[in-house]
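Here is how the chains run, residue by residue.
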Amino acid sequence: MAKDRAESGGTAGDTAAAPARRAGDRGRYGRLSRERLLATALELVDREGLSALSMRRLGAELDVEAMALYRYAAGKDALLDGLVEAVYVELEERLAAGSEVPAWRAELARIAEATYDVCLTHPHVVPLLSTRMLAVPLARRPLAVLRHHERVLALLRGAGLDEARSAAVFRAFTGWVLGYVSVELQAMVDNPEESEPAFRLGLHRMPPQELPTLRETAAVLAERSGPDALTAGLDALLGAFGKTE
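Source: prediction; values computed, not measured.

What counts and how
- Residues numbered from 1 in each chain as written.
- Predicted model: local features only at pLDDT ≥ 70, side-chain atom pairs only at ≥ 80, totals over all residues.
- Heavy atoms only, no water.
- Helix = DSSP H or I, 4+ residues; strand = E, 2+ residues; numbered from the N terminus.
- Buried < 20%, exposed > 50% of the residue type's maximum accessible area, 1.4 Å probe, protein only.
- Contact = heavy atoms within 4.5 Å.
- pLDDT = per-residue confidence, 0-100.
- Core = buried A, V, L, I, M, F, W, Y, C linked by side-chain atoms within 4.5 Å.
- Phe/Tyr/Trp six-rings, centres within 6.5 Å; stacked < 30°, edge-to-face > 60°.
- Axes fitted to C-alpha atoms, helices over the stretch in contact; angles between N-to-C directions.
- Parallel < 35°, antiparallel > 145°, perpendicular 65-115°, else oblique.
- Left-handed = near helix turned anticlockwise from the far one by under 90°.
- Nonpolar A, V, L, I, M, F, W, Y, C, P; charged D, E, K, R; others polar.

Chemist: Looking at this structure, how should I read the overall build of the chain?
Modeler: Helix and strand content of the chain: 12 helices and two strands. Element order for the chain, N to C, with α for helix and β for strand: α-α-β-β-α-α-α-α-α-α-α-α-α-α. A buried classification covers 36% of the 245 residues belonging to the chain. Considering only residue pairs separated by 6 or more positions, the chain has 67% of its internal contacts joining residues 24 or more positions apart.

Chemist: Looking at this structure, I do not really get the confidence of the model for the chain. What am I missing?
Modeler: Mean pLDDT over the chain: 88, with 87% of residues reaching 70 or higher. Across residues 1–23, confidence stays below pLDDT 50; counting only partners more than four residues off in sequence or on other chains, it has 13 contacts.

Chemist: Help me understand the nonpolar core, please; the structure alone is not making it clear to me.
Modeler: Taken as a class, soluble globular proteins show a tendency for nonpolar side chains to be buried jointly. By size, the foremost hydrophobic cluster in this structure holds 57 residues, and its most contacted members are Leu37, Leu83, Trp104 and Leu108. Each residue touching Leu108, except ones within four places of it in the same chain, is listed here: Val152, Leu155, Leu156, Phe173, Leu234 and Leu238.

Chemist: I'm lost on the side chain of Glu107 in this one. Help?
Modeler: Tracing the sequence through the fold places Glu107 in helix H6 (residues 104–121). On the basis of relative accessible area, Glu107 is assigned to the buried category, the value being 3%. Residue contacts for Glu107: discarding those within four places in its chain leaves Ser99, Glu100, Val101, Arg151 and Leu155.

Chemist: Please explain the packing of aromatic side chains as it appears in this structure.
Modeler: Here the distance between the centres and the angle between the planes together describe a pair of aromatic rings. The final tally for this structure, using the stated rule, is two aromatic pairs. Note on Tyr116 and Tyr180: the rings are 6.1 Å apart at their centroids and 50° apart in plane angle, and the pair reads as tilted. Here Tyr180 lies in helix H9 (residues 163–184) and Tyr116 lies in helix H6, a separation of 64 residues in the sequence. With respect to class, Tyr116 is no different from Tyr180; both count as buried. Consider the rings of Trp176 and Tyr180, whose centres lie 5.5 Å apart with planes at 50°: the pair is tilted. One end of the pair is Trp176 and the other is Tyr180, both in helix H9 and four residues apart, which spans about a single turn.

Chemist: How should the packing of H9 against helix H12 (residues 226–239) be read in this particular structure?
Modeler: Packed helices, taken two at a time, are described by the angle their axes make and the gap between the axes. In contact at an axis separation of 11 Å, H9 and H12 are set at 155° when each is read in the N-to-C sense. Judged on the interaxial angle alone, H12 and H9 are roughly antiparallel. Seen along the crossing, H9 lies across H12 with a hand that is right-handed. Mapping the contact onto sequence places Val169, Ala172, Phe173, Trp176, Val177, Tyr180 and Glu184 in H9 and Gly226, Ala229, Leu230, Gly233, Leu234, Leu237 and Leu238 in H12. Per-class residue counts for the contact of H9 with H12 are 11 nonpolar, two polar and one charged.

Dropping the structure here:
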């Protein structure tokens, strides 16, 4: 009888006494880990958007029970912070793979371009790069995020900017890059099945008497400006702070 219970998984009491059911976090790809959980969450969001992300759905993707995920993420907010972490880890890897540029403004441009590339790879996560920073205090942010802050601030201090000016440039740099990417990714197409630009953008829904300039400019706004405009704007922004190199 004891052998039968062991082979069938035991009684309810036996199951409750088992050490945290370690087999519960072994999915189709082997033992679960935080790295695999975040990578799978990022893949799911890339494919289906943030609305698809839940502990239950993520468990199904990993072929484990949803409860097994709580060993690696305390809940939905932790998953969202994990997505931010995963994006910044990818950004860190891209920057490490390249070569630093001696001139601080050129290096800031390299960081901005890498950020742009990573964000366009994971567009559904981009809103979290701002909203989670509104909800999570500095010291509680993922280490990958803090390392990115440190990279930019250390670059500015190394260029001779004092503490106050470094903070000002850091804010301006962060605001410009994240704001630019957000505008690049804003929803513009009203009907993707339409080939005629005006109907594709839904301009017929905008009253021409009230919004003549917006209607006229909408087609241009719908086109992505790309990294060149990002760095050109950054150069102009940094020029306002006076130090050229």
